[in-house]
Amino acid sequence: MSKEPVQPHEQDLEFAAQLAAQSRLLGQMYAMAFEGRGNDFQQFMQTLINQTAQLPIEGNKSSDAAMELNARINAHLERFSRLTLAKIQRGRG
């Protein structure tokens, strides 16, 4: 049985689904690990966000592309932090 090639749109959907699943699992793990300790989680995430912002972008990216990628990474980390903190505060660890 031959397998049909995966179309780019399907690849994008699959990749997005994988990232969403990983994010949900990671958020749940952090919510459980920091249960009842929202302030500790906020400090932890702020440290990670600050350290991540300092890391160089790999590859041959232009300065503008690297800045844009860093901004997007930061936005996603901030969103993850807010959503996970809300889980911790609701006691869903």
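Just so it is clear, the structure is predicted and the values come from calculations on it, not from any experiment.

Trainee: I'd like a rundown of the overall build of the chain, residues and numbers included.
Mentor: When its secondary structure is counted, the chain shows three helices and zero strands. Each helix (α) and strand (β) of the chain, taken in turn from the N terminus, gives the series α-α-α. Taking all 93 residues of the chain together, 15% fall into the buried category. Pairs at least 24 apart in sequence give 72% of the contacts found in the chain among residues at least 6 apart. As displayed, the chain has an accessible area near 7600 Å², and 54% of this comes from carbon and sulfur atoms.

Trainee: Lay out the layout of surface pockets in plain terms, naming residues and giving numbers.
Mentor: There is about 590 Å³ of room inside the largest pocket. Looking at the largest pocket, it is lined by 16 residues, and the ones nearest its centre are Leu19, Ala20, Ser23, His76 and Phe80. Those elements giving two or more residues to the lining of the largest pocket turn out to be α1 (8–33) and α3 (63–89). Looking at the lining of the largest pocket, its residues break down into eight nonpolar, five polar and three charged.

Trainee: Residues and numbers for the nonpolar core, please.
Mentor: Judged by nonpolar contacts, Ala31, Phe34, Phe41, Met45, Phe80, Leu85 and Ile88 together constitute the single largest core of seven residues. At the level of elements, α2 (38–54) and α3 are the ones that each hand at least two residues to this core. Among the elements that line this core, the one with the most residues is α3, at three residues. The contact partners of Phe34, leaving out residues within four places of it in the chain, are Asp40, Phe41, Phe44 and Ile88.

Trainee: With reference to specific residues and values, describe the side chain of Thr84.
Mentor: Mapped onto the secondary structure, Thr84 falls in helix α3. We classify Thr84 as buried; its relative accessible area is 2%. Not counting chain neighbours up to four residues away, the residues in contact with Thr84 comprise Gly27, Tyr30, Ala31 and Phe41.

Trainee: Describe the confidence of the model for the chain, naming the residues involved and giving the relevant values.
Mentor: Of all residues in the chain, 88% have pLDDT values of 70 or greater, and the mean over the chain is 88. Confidence scores differ between elements of the chain, with α3 showing the lowest mean pLDDT of 92 and α2 the highest of 94.

Cut-offs applied
Residues numbered from 1 in each chain as written. Predicted model: local features only at pLDDT ≥ 70, side-chain atom pairs only at ≥ 80, totals over all residues. Heavy atoms only, no water. Helix = DSSP H or I, 4+ residues; strand = E, 2+ residues; numbered from the N terminus. Buried < 20%, exposed > 50% of the residue type's maximum accessible area, 1.4 Å probe, protein only. Contact = heavy atoms within 4.5 Å. Areas by Shrake-Rupley, 256 points an atom, 1.4 Å probe, with all protein chains shown as cover. 1 Å grid on protein atoms, 1.4 Å probe; cavity = no way out; pocket = protein on both sides within 12 Å on 5 of 7 lines; lining within 4 Å. Points joined across faces, edges and corners; volume = space filled by probe spheres on them. Nonpolar A, V, L, I, M, F, W, Y, C, P; charged D, E, K, R; others polar. Core = buried A, V, L, I, M, F, W, Y, C linked by side-chain atoms within 4.5 Å. pLDDT = per-residue confidence, 0-100.

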